[in-house]
Amino acid sequence: CAGAGKTMTFLRKASLDWAEGKLWPDMEVVFALPMRHPDVHLASNMEQLLRLQRLGIQDPTERTEICTYISRILNRVCIVMDGLDEVDLGKCNQFVKDVITGDAMSGVNLIVTSRPSTQVLNLAASNPFDKRLEVLGFHQEDLERYLHNVLTAEDAKDVLSQIAASPQLASFMRIPLNAANTCMLYRSGVKTLPTTLPAIVNAILHQVIQQKEEKQGEAKSVGDRWEDIKPALRQPAMELAAFAFKTLVEKVTVFDESHFEDSNLSEEAKSLGLLT
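Residues numbered from 1 in each chain as written. Predicted model: local features only at pLDDT ≥ 70, side-chain atom pairs only at ≥ 80, totals over all residues. Heavy atoms only, no water.

J.: Help me out: how do you make sense of the overall build of the protein chain in this one?
T.: A tally of regular secondary structure across the protein chain gives 13 helices and 3 strands. Contacts in the protein chain between residues far apart in sequence, at least 24 positions, make up 60% of those at least 6 positions apart. Of the roughly 16,700 Å² that the protein chain leaves accessible, carbon and sulfur atoms contribute 54%. (Helix = DSSP H or I, 4+ residues; strand = E, 2+ residues; numbered from the N terminus. Contact = heavy atoms within 4.5 Å. Areas by Shrake-Rupley, 256 points an atom, 1.4 Å probe, with all protein chains shown as cover.)

J.: Can you walk me through the nonpolar core in this structure?
T.: One recurring pattern in soluble globular proteins is that nonpolar side chains are buried together. Counting 29 residues, the largest nonpolar core has Phe31, Ile79, Leu84, Phe95, Val96 and Met105 as its most contacted members. For this core, the secondary structure elements donating two or more residues are β1 (29–34), α3 (46–51), α4 (60–72), β2 (77–82), α5 (94–101) and α6 (118–126). Here this core takes 4 residues from α5, the largest share from any one element. Among all residues touching methionine 105, those that are not within four sequence positions of it are Met46, Leu74, Ile79, Phe95 and Val99. Membership of the second largest hydrophobic core comes to 22 residues, among which are Leu147, Leu185, Ala203 and Val208. (Core = buried A, V, L, I, M, F, W, Y, C linked by side-chain atoms within 4.5 Å. Buried < 20%, exposed > 50% of the residue type's maximum accessible area, 1.4 Å probe, protein only.)

J.: Quick question: what am I supposed to make of the sheet that holds strand β3 (residues 109–113) here?
T.: Picture the strands of a sheet paired through backbone hydrogen bonds; they go either parallel or antiparallel. On the basis of which strands lie adjacent, the open sheet formed by 3 strands has the order β1-β2-β3 and parallel pairing. At either margin of the open sheet sits one strand with a lone partner, and together these are β1 and β3. Going across the sheet, the axis of each strand differs from the next one's by a mean of 15°, ignoring polarity. Running over the sheet, α5 touches β2 and β3 and is turned about 115° from β2. (Pairing = 2+ DSSP bridges. Axes fitted to C-alpha atoms, helices over the stretch in contact; angles between N-to-C directions.)

J.: Help me understand the environment of leucine 275, please; the structure alone is not making it clear to me.
T.: Relative to the assigned elements, leucine 275 resides in the segment after α13 (267–270). Overall, leucine 275 belongs to the partly exposed group, its relative accessible area being 33%. Separated by 35 residues in sequence, leucine 275 and leucine 240 place their C-alpha atoms 9.4 Å apart. Those residues in contact with leucine 275 that lie beyond four places of it in its chain are Leu240, Phe260, Ala269 and Lys270.

J.: Please clarify how the pattern of salt bridges should be interpreted in this entry.
T.: Should their charged atoms come close, side chains of opposite charge can pair. Evaluated as defined, the whole model comprises 6 salt bridges. The salt bridge partner of arginine 63 is glutamate 47, with a shortest N-O separation of 3.1 Å. Of this pair, arginine 63 sits in helix α4 while glutamate 47 sits in helix α3, and the two are 16 residues apart along the sequence. (Salt bridge = Lys/Arg side-chain N within 4 Å of Asp/Glu carboxyl O.)

J.: Any chance you could explain α5 here in plain terms?
T.: Working note: α-helix, 3.6 residues per turn, so residues spaced by three or four point in the same direction. Taken residue by residue, α5 has Phe95, Val96, Asp98, Val99 and Ile100 as its buried positions. Two to three positions downstream of the cap, the backbone nitrogen of phenylalanine 95 sits 3.0 Å from a side-chain oxygen, assigning the N-cap of α5 to asparagine 93. Where α5 ends, the next residue or the one after it, glycine 102, has phi of about 90°, a positive value. (Polar contact = N/O pair within 3.5 Å; in protein donor to acceptor, adjacent residues only side chain to side chain.)

J.: What's the story with the environment of isoleucine 111 in this structure? I'm lost.
T.: Inspection of the secondary structure puts isoleucine 111 in strand β3. Given the relative accessible area of 22%, isoleucine 111 is considered partly exposed. Counting along the chain gives 18 residues from isoleucine 111 to phenylalanine 129, while the straight-line C-alpha distance between them is 9.0 Å. With residues up to four places along the chain from it excluded, the contact list for isoleucine 111 reads Phe10, Trp24, Cys78, Ile79, Val80 and Met81.

Shown next, in the form of structure tokens:
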């Protein structure tokens, strides 16, 4: 699930813990590879993957020596492929697919992070992994601790009571990114939180637009209907909505900078505050 903590929490924390000697003590080398990056899924050999680690190794001879060493200790090498669902495996270089199936770099330890997707499930069925973990986001105690960290004690108590009364809001708040956005909404003055997913998303959209108006020194839009948004900001929002629908039809659900290069989106749409 988007925002559950696969990259920011699991991958980065695990990499940091390994670097500090707190995790995976048997691993000598860890590659953290963002699969959405074209240079990753188009890599044709281990040396190209090594370059992507930004180690500042410019000498070709040194890179070759490191790759030779790594090839000798593959059982003590861990490759983390982050966001495998964000790339079409059919468009990956054969080397990357061979690493996943074990036909290349045989013996290497492989960790894959992904949202549930048909291609990843099919891959897991034909190439069984040793272990499968699911990042569930916040447990109840995690959520309570987070709310008390970002809200006052009284406000945290109020939000928790609203969560207890709404199963859909409770499910929505399990995802850390959703919890952060909802707390932003609450701090902005929305003390009675929406209890359905469309209403929550709509409220967050209006809050982001109001923040944009405030930065521009304009009076905030009043009301929570689409028609209440000022035309000057409604048009950029419509551009983003049309772009999102078009890409959804094309089965693209995850974006990076490259998707916007030829999108014809206006600068107003890109800077609205809905893209991070």
